[in-house]
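Results of the structural survey
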Amino acid sequence: MIDRSFEGQLRGWSLTTAEIMYRLPDHRDILQLFLWQDYDLAPQFPRLVKFLDFWAHNLDGPLCEVRVAHSSIVGPAELRFVGSEWRLH
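Residues numbered from 1 in each chain as written. Predicted model: local features only at pLDDT ≥ 70, side-chain atom pairs only at ≥ 80, totals over all residues. Heavy atoms only, no water.

**Points about the nonpolar core**
Counting eight residues, the largest nonpolar core is built from Ala18, Ile20, Tyr22, Trp36, Phe45, Leu48, Leu52 and Trp55. For this core, the secondary-structure elements that each account for two or more residues are β1 (13–23) and α2 (46–58). Once residues lying within four places of it in the same chain are set aside, the contact partners of Ile20 are Gln32, Leu33, Phe34, Trp36, Phe51, Leu52, Trp55, Leu63, Glu65 and Val66. (Core = buried A, V, L, I, M, F, W, Y, C linked by side-chain atoms within 4.5 Å. Buried < 20%, exposed > 50% of the residue type's maximum accessible area, 1.4 Å probe, protein only. Helix = DSSP H or I, 4+ residues; strand = E, 2+ residues; numbered from the N terminus. Contact = heavy atoms within 4.5 Å.)

Here's what the structure looks like:
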């Protein structure tokens, strides 16, 4: 039996982090940061888009900027020759 989160990673879902900058409802000149992290499918990011849509319709703090980073957790190993060799005894 395979784990559902691992199966999702094999299908392209990756850990996604969004840094959401928003304005405070009562003091529009003050910016606040919120970090959101979940597994999402790049480059469409359906879960992040759903969360931002919820934010825009239900929360008072208007969005100012959203920065997104994602990294694939499951993938091929990366090996490269560095050009030197050290021998120990």
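From this point on, the discussion continues.
**Some details on the pattern of salt bridges**
Overall, the coordinates contain two salt bridges when judged by the stated rule. Between Glu19 and Arg67 there is a salt bridge, with its nearest N and O atoms 2.7 Å apart. Of this pair, Glu19 sits in strand β1 while Arg67 sits in strand β3 (residues 63–71), placing them 48 residues apart in sequence. Across the pair Arg47 and Asp38 runs a salt bridge, and its minimum N-O distance is 3.5 Å. (Salt bridge = Lys/Arg side-chain N within 4 Å of Asp/Glu carboxyl O.)

**With respect to the sheet that holds strand β2 (residues 31–41)**
If you trace the three strands from one edge of the open sheet to the other, you get β2-β1-β3, paired in antiparallel fashion. A strand with exactly one partner marks an edge of an open sheet, and here the two such strands are β2 and β3. Averaged over all neighbouring strand pairs, the angle between strand axes comes to 20 degrees, with direction disregarded. When β1 meets β3, the two strands line up antiparallel, connected through eight bridges. The residue bridging Glu19 from the neighbouring strand is Arg67, located in β3. The strands touched by α2 within the sheet are β1, β2 and β3, with β2 carrying the most contacts at an inclination of about 145 degrees. (Pairing = 2+ DSSP bridges. Axes fitted to C-alpha atoms, helices over the stretch in contact; angles between N-to-C directions.)

**Overview of the pairing of β1**
The side chains of a regular strand alternate, first on one face of the sheet and then on the other. Looking at chain direction, β1 and β2 are connected through 11 bridges and run antiparallel. Residue pairing across strands places Tyr22 opposite Gln32, the latter belonging to β2.

**A word on the packing of aromatic side chains**
On inspection of all chains with the given rule, the structure shows five aromatic pairs. Centroid distance Phe34 to Phe51: 6.0 Å. Interplanar angle 15 degrees. Geometry classified as stacked. Residue Phe34 is found in strand β2, and its partner Phe51 is found in helix α2; the two are separated by 17 residues along the sequence. Phe51 sits in the partly exposed class, given a relative accessible area of 21%. In this structure an aromatic cluster arises from ring pairing among Tyr22, Phe34, Trp36, Phe51 and Trp55. (Phe/Tyr/Trp six-rings, centres within 6.5 Å; stacked < 30°, edge-to-face > 60°.)

Any functional reading would require information beyond the geometric quantities listed.
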